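So the chains spell out like this:
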Amino acid sequence: PRLQSLTEVTWRSKGSTTTSMLSLLSQVPESCGSLQVLSISHWEQIDPGVLAVVAAACPNLEHLHLNADSHNFQKAPIDDGVAALGRHCLKLVDVDLYDRKMDNAASVLAQACKGWPKLRFLCAANTTQGLAWNEADPELILPRSLAAHCPDLREVVLYDDALASWRDVLKEGCPFLQDDEDD
């Protein structure tokens, strides 16, 4: 069967151990080609290699919610998986990475968003391992890349003061960017 939407499902295997949704999807990539919506539970640890396999199997993905909702929850940085999303999931409109640890969030997201021309929403709050975005991206490589490659962008969520300094750069290429969003 072809999946189109998969959101926060909890599976238990023998011994009552919770099974990772991404791991299960990576084992049946032939079922993922039609997947448009993927939302994993905030409790799931993301293996960057598994995320890369799922990304390669999901070229029609439009909405991706990987938020953890707990600071420092994600153990392994997911940079490789996010890079794969940029290479394979070219229809992404909505990407939520809240509280998912990345080693090089600015450069990886700047590269990934080159493959997301339809992107409208990006949440990259708390992906910078405790650094404010102004510290993590002093050269403004992410907002410059978003402006150059994501003309439909409407909202960026960072939850720090960086968005105010990004606004002029973003407005150059993202005319639909909302002015009233929370920084």
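Look a little higher up for the structure.
The shown structure was predicted, so the numbers you read here are calculated from the model rather than taken from an experiment.

K.L.:
Any details on the overall build of the chain? Residues and values, ideally.
P.N.:
Helix and strand counts for the chain come out as seven helices and eight strands. Out of the 183 residues belonging to the chain, those deemed buried represent 48%. Considering only contacts in the chain between residues 6 or more positions apart, those separated by 24 or more positions represent 76%.

K.L.:
So what's going on with the side chain of D79? Which residues, and what values?
P.N.:
Take D79: it is sitting in helix α3 (residues 79-88). Comment: no salt bridge for buried D79; closest opposite-charge side chain is K101, at 8.7 Å. Other than its neighbours up to four places away in sequence, D79 contacts K101, M102, D103, N104, A105 and V108.

K.L.:
Pulling in residues and values, what's your account of the packing of helix α6 (residues 141-149) against helix α7 (residues 162-173)?
P.N.:
Here α6 crosses α7 at 20°, and the two axes come no closer than 7 Å. One element, α6, and the other, α7, form an angle in the roughly parallel class. Crossing angle aside, the handedness with which α6 passes α7 is right-handed. Where α6 abuts α7, its residues L142, P143, R144, L146 and A147 lie against W166, V169, L170 and G173. Of the residues in the contact of α6 with α7, the class split is seven nonpolar, one polar and one charged.

K.L.:
Break down helix α2 (residues 48-57) for me, with residues and values.
P.N.:
Among all positions of α2, only P48, V50, L51, V54, A55 and A57 are buried. Taking the backbone nitrogen of G49 as reference, a side-chain oxygen 2.8 Å away marks D47 as the first, capping residue of α2.

What counts, and where the lines are drawn
- Residues numbered from 1 in each chain as written.
- Predicted model: local features only at pLDDT ≥ 70, side-chain atom pairs only at ≥ 80, totals over all residues.
- Heavy atoms only, no water.
- Helix = DSSP H or I, 4+ residues; strand = E, 2+ residues; numbered from the N terminus.
- Buried < 20%, exposed > 50% of the residue type's maximum accessible area, 1.4 Å probe, protein only.
- Contact = heavy atoms within 4.5 Å.
- Lys, Arg positive; Asp, Glu negative; His and termini not counted.
- Salt bridge = Lys/Arg side-chain N within 4 Å of Asp/Glu carboxyl O.
- Axes fitted to C-alpha atoms, helices over the stretch in contact; angles between N-to-C directions.
- Parallel < 35°, antiparallel > 145°, perpendicular 65-115°, else oblique.
- Left-handed = near helix turned anticlockwise from the far one by under 90°.
- Nonpolar A, V, L, I, M, F, W, Y, C, P; charged D, E, K, R; others polar.
- Polar contact = N/O pair within 3.5 Å; in protein donor to acceptor, adjacent residues only side chain to side chain.

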